[in-house]
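Remarks on the overall topology
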Amino acid sequence: MPLQRPSDMPQDSQLRALLREWARKFVDSDAAADRVVQRTINVICDNPELLDGAQMNEALFALLRRYAFGENDLQASQQDKGAFPDFGRRLDKEGTRSK
C-alpha cells in the first residue's frame, strides 16, 4: 500500500486501519491499539523524514512496534504498582514496630 503525504495521514482511514491491524497483534485491547496508532501517526506527521527510503512500510512497522512495546511496558508497570499499592508503607510500619 503506498503511503500518503504526511499531511494526509491523519485523515487516511486505510492507513489507520492497517496500523490498527498491526497494533492489535502486539497489545491486548482496542484502546491500547488506538493509542499506539495515534502515537505512530503523530510521530510520522511531525517527522516525515523517518519514512525516507525504499523500505517505508518496514520503517512504519518498526516505529509502530516500538510504541506497542512501550504501551505494554507501561501497562505492566501500572499493573505492578496496582497489585501492591501500599506494600512499601506496610514494610516501613512493621519495621518501626519491631524496633
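Before going into details, it helps to say that this report is about the structure given with it. (Residues numbered from 1 in each chain as written. Predicted model: local features only at pLDDT ≥ 70, side-chain atom pairs only at ≥ 80, totals over all residues. Heavy atoms only, no water.)

1. Section: the pattern of salt bridges
Once the charged atoms of two side chains with opposite charge are near each other, the side chains can pair. Scanning all chains against the criterion turns up four salt bridges. Among the salt bridges present, the one from R24 reaches D30, with a minimum N-O distance of 3.1 Å. With relative accessibility at 41%, the residue D30 sits in the partly exposed group. Two residues, E71 and R35, come together in a salt bridge whose shortest N-O distance is 2.5 Å. Of the two residues, E71 is situated in helix α3 (residues 56-83) and R35 in helix α2 (residues 30-46); the sequence distance between them amounts to 36 residues. (Salt bridge = Lys/Arg side-chain N within 4 Å of Asp/Glu carboxyl O. Buried < 20%, exposed > 50% of the residue type's maximum accessible area, 1.4 Å probe, protein only. Helix = DSSP H or I, 4+ residues; strand = E, 2+ residues; numbered from the N terminus.)

2. A look at the nonpolar core
Counting 18 residues, the largest nonpolar core has L19, A23, V27, V36, V37, L60 and L64 as its most contacted members. Put simply, the parts of the chain that give this core at least two residues each are α1 (13-24), α2 and α3. (Core = buried A, V, L, I, M, F, W, Y, C linked by side-chain atoms within 4.5 Å.)

3. Examining the packing of aromatic side chains
Scanning the entire structure with this criterion turns up three aromatic pairs. Ring centres of F26 and F69 lie 5.6 Å apart, and the angle between their planes is 90°; on these two criteria the pair is classed as edge-to-face. Here F26 is found in the loop between α1 and α2, whereas its partner F69 is found in helix α3, with 43 residues between them in sequence. Taking relative accessible area as the criterion, F69 reaches 41% and is therefore assigned partly exposed. In textbook terms, an aromatic cluster arises when at least three aromatic residues are bridged by ring pairs, as seen for W22, F26, F61 and F69. (Phe/Tyr/Trp six-rings, centres within 6.5 Å; stacked < 30°, edge-to-face > 60°.)

4. What about the environment of Q38?
One can find Q38 in helix α2. Along the backbone, Q38 and R16 are 22 residues apart, and their C-alpha atoms lie at a distance of 8.4 Å.

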